[in-house]
Amino acid sequence: MKRTLIAAALALSLSAVASAQLKIGFVGELSGPQAPLGQDQYDALMLLIEQNGGKLGGVPVQVIKEDSQLKPDVANQVVDKLLDKDKVQIITGITFSNIMMAVHKKITDKGVFLIGSNAGPSPVAGAQCSPYFFSTSWQNDNQAEVVGKFASDKGYKNVIAMAPNYQAGKDFIAGFKRTYKGGTIIDEIYTPLNQQDFSAELAQVASKKPDALYVFYPGGLGVNFVKQFQQAGLNKSITVMSASTVDGTTLPALREAALGWLSGTFWGPDFPNDANQKFVAAFEKKYNRIPSQYAAQSYDAAQLLDSAIRKVGGKVENKKAFHAALKAADFKSIRGNFKFNANQFPIQDMYVFDVAKDSKGRVSLRTVSKPLTNHQDSYVGQCNMKPI
Amino acid sequence: MTLQLTLSQLMNGLQLGVLLFLLAAGLTLVFGIMSFVNLAHGSLYMLGAYFGAAAFAKTESFLLALLAAVVGAGIVGLLLDRFALTKLYTRDHLDQVLATFGLILFFNELIRIIWGPGSIFMQVPDSLSQTVEIFGFSYPSYRFAIIGVGLLVALGLYLLIQKTRVGMLIRAGATHPHMVASLGVNIKWLNTLVFALGAALAGLAGVMAGPIVSVQPGMGEPVLILTLVVIIIGGLGSIRGAFFAALIVGVVDTLGRAFMPTIMRGIFERNTADAAGPAIASMLIYLLMALVLAFKPQGLFPTSAGATR
């Protein structure tokens, strides 16, 4: 009993010391094969905090970093710790959709603000939407929808769609179908999620001679797929449109093998706006690599927090005011157009990029076109947003 | 058209098969001769890929990359054998599984610390980056090279085991280790040699696979599972078994993936077929393994050593 009391007293005194700082929890994939995504999210968040001299919105902040290890049970534990022990008011990050689904309700039910900077599963955008959740990335389907629209605009008649056989793979093909009009998907190929060699499928694709191939192979799977596609000599004969396959985290391992590949997303390092040019230069200087879209999303999350904390003068415990300040999204997004929809996901322009050499001769993403302007996700109608 | 597709799929199966053979040969030798279960064999494959990629980045020479991978993995195997595993050879298989599983975690973390969590760059050598036209379809020349190297290694191993003095000692050591030792042969040295040879072959498989797959921490585990299936089907300890089983697994797996979805579409409606096709295709090799175990529990080419232990 005595020991417990002493421990409690100690804990209280410690938290009194720390209370001068605003605590922010960061949760992301920081180990395992998907770690480059979480690392870019974390690095971009810390970049803005460092640029502001350790502050967000003029208030000194302490970021508590937690690795969710791509395991929902681990994510639950670290979120419990952030909520109950560290008593954070704000959590940001979250890399994967299954992690988001595991912790979204727990965090928002507690009235803690969750600024998601990657995963955007459909339930969170639709029926389970919460006033405490904001996304600075996209709803998962968006990156597929922009590619579908692009394929329609280009007039591709015969398209083959390929993805790993799991939920996100099916979502990314469904999203593509939603906006692809005027042609047919002559084949859909689903490969087991742990399959590393695609020679059998590539031979099939080559024999069917489609106008274009649409693929979703995130992370290391994408590295395998792109290399093998190029080695099969198909880069010359088949146009590839991709989503979440060639990005800032996989291009360093791919380089020339990915030249000419198309990819749909919301942001590219070559965007000319001032805010973006400054961000890219600062990120490259500090971390010595080209920022990926995951870094961009997280940098915008940091900017959003910066603007909202400043508006409420650091008083984030006034939840109504802080919510209004977040909702206003009063910051210069490095993607250009940005505002929050009713479900607090972005309304934004979606672009298609191709893989090309940048001005320094490095392989990177280059803007090709903007098939969707002020695009919103298709789940916003299912969201009945409660007042805070 | 369909004939060409089938042929190119057969080539793909063959290529996967020889790659699996490179891994299975080492694993099955170590098991057959030392009765040692080495789950860290996949880590040696990963190390081979990383050593190769690092050497390639420094020198731009694929031959040097090959050399670095084979020699590097061989040396790591030698050190592992001398300093970490010798004590485990006489222990229970479960202890060996536990210890070598720990080694997997150790190597994955080590790689992550040195090279970072993302996948690293490794490309096909320029001379092999083209495709070759055969039977009217084009096939990546690099995959031809893999098939060639794999078959050469198979031939080399056959000659080494069957025709040389060292091979004779290896065969003798597999069946009668105590007798060999009492005849004045250093059986420990022989074991180390076999282990290092297996490690070097795993490293060779790793560097050959490097330009095809993503070189990243943990890349050895999925391929280890296939390798275990191969040595179970082939018969523990049998190089010949490993060779044929690897080719069978490679071809069955590839043809299954290529044609199962189409076959399923003929039977079920599209949605069911798209879900069931890949699932059943990926189960095929395990079904094959179950069948082999049911009818020939010792594998297709059992060795007396594997049978008695």
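One structure accompanies this document, and this report is about it. (Residues numbered from 1 in each chain as written. Chains lettered and ligands numbered in written order. Predicted model: local features only at pLDDT ≥ 70, side-chain atom pairs only at ≥ 80, totals over all residues.)

Glancing now at the overall build of chain A. When helices and strands are tallied, chain A shows 13 helices and 14 strands. Relative to the compact-globule value of 21 Å for 388 residues, chain A shows a C-alpha radius of gyration of 21 Å, a close match. Here chain A, with 388 residues, has 54% of them falling under the buried criterion. (Helix = DSSP H or I, 4+ residues; strand = E, 2+ residues; numbered from the N terminus. Rg over C-alpha atoms; globule rule 2.2 N^0.38 Å. Buried ≥ 20, exposed ≤ 12 C-beta atoms within 10 Å, placed from the backbone.)

Look at any regular strand and the pattern is simple: side chains alternate between the two faces of the sheet. All names here are of chain A. Summarising burial for strand β1 (residues 22-28): six of the seven residues are buried, a large majority. Inspection of the sheet shows β1 paired to strand β3 (residues 59-67) by seven bridges, in the parallel sense. Counted as the bridge partner of V27 is E66 from β3. Sheet topology note: the β1/strand β4 (residues 90-93) ladder contains four bridges and is parallel. Looking at the pairing, V27 lines up with G93 of β4. (Pairing = 2+ DSSP bridges.)

Another point: the sheet that holds β1 of chain A. The strands making up a sheet associate through backbone hydrogen bonding, with each pair oriented either parallel or antiparallel. All names here are of chain A. One open sheet accounts for six strands, arranged β2-β3-β1-β4-β5-β6; its pairing is mixed. The sheet terminates laterally at β2 (55-56) and β6 (133-135), the two strands that pair on one side only. In the sheet, β2 pairs with β3 via two bridges, with the strands oriented antiparallel. By the bridge assignment for β3, L56 is matched with V59.

Helix packing geometry: the angle between the two helix axes and the distance between the axes. Residues and elements named next belong to chain B. The interhelical angle for the contact between helix α5 (residues 141-163) and helix α6 (residues 165-175), taken along N-to-C directions, is 75°, at an axis separation of 5 Å. Comparing their axes, α6 and α5 come out roughly perpendicular. Touching L160, I161, Q162 and K163 of α5 are V166, G167, I170 and R171, all from α6. Among the residues forming the contact of α5 with α6, the class breakdown is four nonpolar, two polar and two charged. (Axes fitted to C-alpha atoms, helices over the stretch in contact; angles between N-to-C directions. Parallel < 35°, antiparallel > 145°, perpendicular 65-115°, else oblique. Contact = placed C-beta atoms within 7 Å. Nonpolar A, V, L, I, M, F, W, Y, C, P; charged D, E, K, R; others polar.)

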